[in-house]
Amino acid sequence: MKQNKTQELLRIYRSLKSQREPWDSWWRSLRRYVLPNRPSSTDIFQNQQFPQDVDELLDTTAVESCQKLASAHMSYITPSHDVWFKWSAPDHLGGDEAESWYNTCSEIALKELTASNFYTEIHECFLDRVAFGTGSMFIGTNKEGRLTFSNIPCGQFVCAENDESQVDTYIREFTLSGYQAVRKFGLERLGEKLKKSIQDAKNPYGISFRFLHVVRPRKKLNKHTPKYESVYLSLDDEIIIEEGSYEEFPYLVTRFLKWGDGPYGIAPGRLVFPAIKQAQFLNKILDTLGEVAAFPRILELANQIGEVDLRAGGRTIITAEAAALHLPREWATQGRYDIGLNRLEHKQEAIKKAFFVPMLELWGSRSGGVTATEVMARENERVLLFSPSFTLFVSDLFQAMTRLFSLLFRLGKFPEPPPCVIRQNAAGEMLVNEPQVVYQSKIALILRRLQNEGVDRSLQRLAMMSQWAPDLANHIDWDKCFRLTARAEGLPEAALKSQNDIDEQKLQMEQQIAETAQTQQKLHPLIAQLTQTERE
């Protein structure tokens, strides 16, 4: 049975790898000119960790642009120094108690991400997303019960989407040394070929083996089985080494922009690839022209070989015949460096535009002071250009955020959930409702800023109209209005009182007012009598 399953998974792997081949050719080209420090799957399987053609790069415009755009992803989508997301209660729950619990969980999650290797690995993922159009990352926990993340370089995995355009089948290609394989799986689980190789090897660190990690939906689901199955295979022995399961999909696959119906994305560099290659060629030509200008070609008579002194201040004795022919003299040094430089600058500008570099350097050429309104307007314009790619990232990140919430909940990192967020599934198990994700990055906040600006404009209009119709203020639920806008602006949950505390405080105030009114009512006849007595 296991052998049949092994062959089935290998057929799936080979089929998906065959479908990936057109992308492989593009990734090889982009890797050479855009992200040359990223090894391919061939390099990994051949134990070659660094590409040999990296020194052949003549123009680094695409490399630098890729780095800048990946860094902008970090600044505008997942900033490590800021709150970039919050979990919110599902719409059907509502209530401030549920909202407060989910917000508290999100604050804990951000601290856990900071304590993990998330920001290091997501930056590597963003580099692949920008350079190749597709980035991927594994989300899991280590043996110490902490979050761990691992970037999976583009070209080292194959994947497939379901009917809802979500990646739900993923096969990772990787290698392990003999030492790593034994540590991860145990010697007894490995195939005979691997066991013999490791036992015979004098240095288990110096030999490597090929493996696959397959994650796919289970064919048959029941109430108690996890949704995804996990299988580790040895490509050297073609056997299953380990089987397991995942409650949530453990891999993030994010695309810069979608291209057709496939699971892989299109990179900005692909759209300007001719300009990238031309920039390499023009740089080579300009380097040649510069060398010729510094060390010009010399035309001389055959009998002058070795007699022309090219040193600074050198003297060359020539014959009358050579003087009549104007020899020796510079020859073929009339190339137009300025024209070549102008063409190169045009190509470099096209590359930078494809990678949004002019947008990222919007303030670079700005001199003098600017008003707060102008800053906000320019920032809105700059950040909103990211919105198509950001929207796709939000869609791709949905499964990963669900995975993150579930992992932290199972690790016991969250406080005890209130009854209002717990539900019962078909199997009778008590589960916590999955939260909504509210993104708080610069891009998301600018979009939400427009919503808050709408609230501010409405309240300003209300203030003007209330002069003639004071009852209009009754249309506003002031408590909800303030709490919604405060959370949208990123106010920490700890700074807000719970709704129960506010309701209790209001009730106490109402009771005090009622008691004061009753006391005044009781004292009113006595005060009236005393007043009457004084008058008499």
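See the structure printed just above.
Summarised in this report is the structure supplied together with it.

Reading guide: rules and limits
Residues numbered from 1 in each chain as written. Predicted model: local features only at pLDDT ≥ 70, side-chain atom pairs only at ≥ 80, totals over all residues. Heavy atoms only, no water. Helix = DSSP H or I, 4+ residues; strand = E, 2+ residues; numbered from the N terminus. Buried < 20%, exposed > 50% of the residue type's maximum accessible area, 1.4 Å probe, protein only. Contact = heavy atoms within 4.5 Å. Areas by Shrake-Rupley, 256 points an atom, 1.4 Å probe, with all protein chains shown as cover. Axes fitted to C-alpha atoms, helices over the stretch in contact; angles between N-to-C directions. Parallel < 35°, antiparallel > 145°, perpendicular 65-115°, else oblique. Left-handed = near helix turned anticlockwise from the far one by under 90°. Nonpolar A, V, L, I, M, F, W, Y, C, P; charged D, E, K, R; others polar. Pairing = 2+ DSSP bridges. Salt bridge = Lys/Arg side-chain N within 4 Å of Asp/Glu carboxyl O. Phe/Tyr/Trp six-rings, centres within 6.5 Å; stacked < 30°, edge-to-face > 60°. Lys NZ or Arg CZ within 6 Å of the ring centre and 35° of its normal. 1 Å grid on protein atoms, 1.4 Å probe; cavity = no way out; pocket = protein on both sides within 12 Å on 5 of 7 lines; lining within 4 Å. Points joined across faces, edges and corners; volume = space filled by probe spheres on them.

### Topic: the overall build of the protein chain
Alright, step 1. Along the protein chain, the regular secondary structure elements total 17 helices and 14 strands.
Alright, step 2. Counting across all 536 residues of the protein chain, residues that qualify as buried make up 40%.
Alright, step 3. Within the protein chain, contacts between residues separated by at least 24 positions form 69% of all contacts whose residues are at least 6 apart in sequence.
Alright, step 4. Counting only carbon and sulfur atoms, one obtains 53% of the accessible surface of the protein chain, whose full area is about 30300 Å².

### Concerning the packing of helix H9 (residues 273-294) against helix H11 (residues 337-354)
Alright, step 1. Across the interface, H9 lies against H11 with an axial gap of 9 Å and an inter-helix angle of 155 degrees. Relative to H11, the element H9 is oriented roughly antiparallel. Read as a crossing pair, H9 and H11 show a hand that is left-handed. Taking contact as the criterion, the partners of Ala 275, Ile 276, Gln 278, Ala 279, Leu 282, Asn 283, Leu 286, Leu 289 and Gly 290 in H9 are, on H11, Tyr 337, Gly 340, Leu 341, Arg 343, Leu 344, Lys 347, Gln 348, Ala 350 and Ile 351.
Alright, step 2. Of the residues belonging to the contact of H9 with H11, the class tally is 11 nonpolar, five polar and two charged.

### So, the sheet that holds strand S5 (residues 167-177)
Alright, step 1. Strand order in the open sheet formed by five strands is S4-S5-S6-S7-S8, with antiparallel pairing between adjacent strands. Two strands close off the open sheet at either side, each with one partner strand: strand S4 (157-161) and strand S8 (239-246). Between one strand axis and the next, the sheet turns by 15 degrees as a mean value, whatever way the strands run.
Alright, step 2. Looking at chain direction, S4 and S5 are connected through five bridges and run antiparallel. Paired with Ala 160 across the strands is Thr 169, a residue of S5.

### Focus: unusual backbone geometry
Across residues other than glycine, the phi torsion is negative in most instances, and most of the peptide bonds are trans.
Alright, step 1. Positive phi outside glycine occurs at Ser 165, with the angle close to 65 degrees.
Alright, step 2. Mapped onto the elements of the fold, Ser 165 is located in the loop between S4 and S5.
Alright, step 3. Relative accessible area serves as the criterion here: at 45%, Ser 165 is assigned to the partly exposed category.

### A closer look at the pattern of salt bridges
Alright, step 1. In total, this model carries 17 salt bridges according to the counting rule given.
Alright, step 2. Salt-bridge contacts for Lys 5 lead to Glu 243; the nearest nitrogen and oxygen are separated by 2.7 Å. Taken together, the residues Lys 5 in helix H1 (residues 2-33) and Glu 243 in strand S8 connect sequence positions 238 residues apart.
Alright, step 3. Since its relative accessible area comes to 40%, Glu 243 is described here as partly exposed.

### Points about the packing of aromatic side chains
Alright, step 1. All told, the structure shown has 29 aromatic pairs when counted by the stated rule.
Alright, step 2. For the pair Tyr 170 and Tyr 251, a centre-to-centre distance of 3.9 Å together with 10 degrees between the ring planes defines the contact as stacked. Residue Tyr 170 is located in strand S5, and its partner Tyr 251 is located in strand S9 (residues 251-255); the two are separated by 81 residues in the primary sequence.
Alright, step 3. Here Tyr 170 falls in the buried class, since its relative accessible area comes to 0%.
Alright, step 4. Three or more aromatic residues joined by ring pairs make a cluster, and in this case those are Trp 84, Phe 85, Trp 87, Trp 101, Tyr 102, Phe 118, Tyr 119, Phe 149, Phe 405 and Phe 414.
Alright, step 5. For the cation-ring pair, Arg 31 lies above Phe 132, with the distance from its terminal atom to the ring centre recorded as 5.0 Å.
Alright, step 6. One Lys or Arg, Arg 172, reaches over the ring of Phe 174 and ends 4.7 Å from the middle of that ring.

### Some remarks on empty space enclosed by the protein
Alright, step 1. Scanning the model with the defined rule gives one cavity of 30 Å³ or more in all.
Alright, step 2. Empty space within the largest cavity amounts to approximately 80 Å³.
Alright, step 3. Among the secondary structure elements, those contributing two or more residues to the lining of the largest cavity are strand S2 (134-141) and helix H14 (387-410).
Alright, step 4. Here the lining of the largest cavity takes four residues from H14, the largest share from any one element.

### Here we look at the sheet that holds S9
Alright, step 1. Sheet architecture is open: three strands sit in the order S3-S2-S9, paired in antiparallel fashion. The strands lining the two open edges of the sheet, one partner per strand, are strand S3 (147-151) and S9. With strand direction ignored, the average angle separating the axes of adjacent strands in the sheet is 25 degrees.
Alright, step 2. As judged from the five bridges shared by S2 and S9, these two strands associate in the antiparallel manner. Residue Met 137 lies in a different strand from S9, and its bridge partner there is Leu 252.
Alright, step 3. H14 rests against S2, S3 and S9 of the sheet, and its axis sits at about 165 degrees to S9.

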